[in-house]
Amino acid sequence: MTSPLVALEGASLVYPGQSGPALCEVDFTLRPGEKIGVTGDNGSGKTSLLLALVGLRPLASGRLLHRGDEVRKSTQYHDLRREVGLVFQNCDDQLFSPTVIEDVAFGPLNLGLSSGEALAIASETLEALNMGHLENRLTHTLSGGQKRIVSLATALAMKPKALLLDEPTNDLDRTTRAMVQDFLHRSDLSLVLVSHDHDLTKAITTRIIHMEAGRVWPDS
Amino acid sequence: MNLPDGLADSRSGSPAGPFAGMDTRVKLLLTLGLLPLIISLQGVASLVLALVLAATLLVSARRPTRQILIRLAFANGFFVFLFVALSLTYPAKELGAWHFVSLDGLHLAGRIALKGNAMLLVLLALVASTPVPGLANALQRLRVPQKLILLLTYTYRQVFIIGEEMERMRQAAAARCFRPGLRLHVYRTFGYFLAQSLVRSLDRGQRIHDAMLMRGFAGCFHPLQRNDGVAPAEVAFGVLVFTLGLGLVALDRMVLN
């Protein structure tokens, strides 16, 4: 069996000022090529699971592993986030640059690419998602659906091995949703898909887990 | 949302007019050159000429008339206040027909208003015809510190998000029959709007930082360089207008002497 791309072992996560833990002794493994759906009610810990998987929230206990090694140092976090991309639930958090092309090129520039290379990757990624015409648009003028797709492009431009998606089909019309579904279905990226859209989850993922009160259960 | 001109422009798409396509560095340098010249003018005649020059630039820029008039009305509201205040309070060698009106104060207020309007027209013609991303790119190429440019661009992005959030809160209140008025309940509600907006901004700041970390941000920004050349005609235009400005200063000094 291939070694996990990213994993949590006995991970607990507590937010300051909250009574219960957001994650409670969670064991979770994402292997290359695996596509995992995460379901659960609001507040069950789905988003916290994604944040914990990329080390954006410190664990109260347990371990975060990237390719078998525990992630502790900032360089290790950097390497992990280079391979595992996250698309946030709220697109306005993801899109912070004034224009679309600048936002999509932000990641490649941080990877040390030149402006020309970063621009080329950004254009190519937008084209792949049929959003090439939005390159020079100001991000705040995009529609909700366009913001959603451009958010996806910002993560894809990093050329990750895995994508963590938090409600990726919110705000999408049927055509765009079908396009995203098709893209994710055809993609050879590992996926963790948090969604209330059960049809999408069933269509894309190979395994579904259920979350309840910060704990992970195999889906019945 | 009531934003500075360039911001409002860029929201509605590409601004029209001949200055819109001009290299932003030339426009910025020309503005930076012209403004001190206008500030240094003393005589009313040269100030009027400066206003004419600025108005000519604005007319050539073909900016939306209504938008310009609104901006001018806002600025001139302040100048009206200045006229009233200075005419009543400025130490006078000469009093007007109404003996409490200082003519020196009126003169001073008039000069300030002329200067202010001329500067505003230059800014509206040259700077406001550039969308903020273009402005940031030009500042970057003029070697302005990166942190200042990022502050401008990220603030620009967030202003709209905060504005949309305020609008949603206003709509939510209106849907429950909230009407502004002079009541404690209204003041308290506006206080809540403001507080909510601050709290949400703090949360959003954290989430945006997360999003930046997810894309390899390690405390250092890497600007996206774009290489557009400056046309000789643009440089010639800049030099010509600046020379006209210098001519005004020379004229001003001659008249004063």
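The preceding data block contains the structure.
Residues numbered from 1 in each chain as written. Chains lettered and ligands numbered in written order. Predicted model: local features only at pLDDT ≥ 70, side-chain atom pairs only at ≥ 80, totals over all residues. Heavy atoms only, no water.

Undergrad: Could you clarify how one ought to interpret the overall build of chain A in this entry?
TA: For chain A, the helix and strand inventory stands at eight helices and ten strands. Its C-alpha radius of gyration of 17 Å places chain A within 12% of the 17 Å reference for a compact globule of 220 residues. Along the three orthogonal principal directions, the C-alpha set of chain A runs to about 45 × 40 × 40 Å. Burial statistics for chain A: of 220 residues in total, 55% are counted as buried. Carbon and sulfur atoms form 48% of the exposed surface of chain A, whose accessible area is close to 9,300 Å². (Helix = DSSP H or I, 4+ residues; strand = E, 2+ residues; numbered from the N terminus. Rg over C-alpha atoms; globule rule 2.2 N^0.38 Å. Buried < 20%, exposed > 50% of the residue type's maximum accessible area, 1.4 Å probe, protein only. Areas by Shrake-Rupley, 256 points an atom, 1.4 Å probe, with all protein chains shown as cover.)

Undergrad: Could you clarify how one ought to interpret the overall build of chain B in this entry?
TA: Helix and strand counts for chain B stand at nine helices and zero strands. Scanning chain B from its N terminus toward the C terminus, one meets helices and strands in the order α-α-α-α-α-α-α-α-α. Counted over contacts in chain B with a minimum sequence separation of 6, partners at least 24 positions apart contribute 78%. Accessible area of chain B: about 14,500 Å², with a carbon and sulfur share of 70%. (Contact = heavy atoms within 4.5 Å.)

Undergrad: How do you make sense of the interface of chain A and chain B when you look at a structure like this?
TA: Many analyses report the size of an interface as the accessible area lost when the parts associate. The partner chain B presents 29 residues to the 37 residues of chain A that form the contact. For the pair chain A and chain B, the summed buried surface comes to about 3,000 Å²; carbon and sulfur atoms form 61% of the total. When the buried surface of chain A facing chain B is broken down by residue, Asp-93, Phe-96 and His-140 of chain A rank first, second and third, together holding 24% of it. Summed over the shared surface of chain A and chain B, the result is four salt bridges. For the side of chain A that touches chain B, the elements supplying multiple residues, two or more each, are helix H2 (74-83), strand E6 (84-87), helix H3 (91-94), helix H4 (100-110), helix H5 (115-128) and helix H6 (144-156) of chain A. The dominant element in the side of chain A that touches chain B, judged by the number of residues it contributes, is H4 of chain A, at eight residues. In terms of residue class, the side of chain A that touches chain B is made up of 16 nonpolar, 14 polar and seven charged. (Buried area = accessible area lost by both parts, 1.4 Å probe. Salt bridge = Lys/Arg side-chain N within 4 Å of Asp/Glu carboxyl O. Nonpolar A, V, L, I, M, F, W, Y, C, P; charged D, E, K, R; others polar.)

Undergrad: What am I meant to see in helix H7 (residues 174-186) of chain A here?
TA: Because an α-helix packs 3.6 residues into every turn, residues spaced three or four apart end up facing the same way. Residues and elements named next belong to chain A. Its 13 residues give H7 an end-to-end C-alpha distance of 18 Å, which sits within 8% of 18 Å, the value for a rise of 1.5 Å per residue. Within H7 the residues assigned to the buried category are Thr-176, Val-180, Phe-183 and Leu-184. For H7, the arc enclosing every buried residue in end-on projection is 95 degrees, short of the 170-degree limit, so these residues lie on one face. Relative to its buried face, H7 has exposed residues pointing more than 90 degrees away, namely Arg-174, Thr-175 and Arg-186. (Expected span 1.5 Å × (residues − 1). Arc of directions from axis to C-beta.)

Undergrad: Can you help me understand empty space enclosed by the protein in this one?
TA: The gaps left among the atoms become clear once a water-sized probe is rolled over them. One pass over the structure, following the stated rule, counts two cavities of 30 Å³ or more. Estimates place the volume of the largest cavity at around 60 Å³. Surrounding the largest cavity, Leu-34, Leu-37, Ile-38, Leu-41, Ala-50, Leu-53, Ala-54, Val-122, Gly-245, Leu-248 and Val-249 of chain B form its lining. Mapped onto the lining of the largest cavity, the elements with two or more residues apiece are helix H2 (24-40), helix H3 (44-61) and helix H9 (232-256) of chain B. Residue composition of the lining of the largest cavity, grouped by class: ten nonpolar, one polar and no charged. Approximately 40 Å³ is the volume attributed to the second largest cavity. Ranked by the residues each element gives to the lining of the second largest cavity, the list is headed by H6 of chain A, at three residues. Taken together, the residues of the lining of the second largest cavity break down into five nonpolar, no polar and one charged. (1 Å grid on protein atoms, 1.4 Å probe; cavity = no way out; pocket = protein on both sides within 12 Å on 5 of 7 lines; lining within 4 Å. Points joined across faces, edges and corners; volume = space filled by probe spheres on them.)

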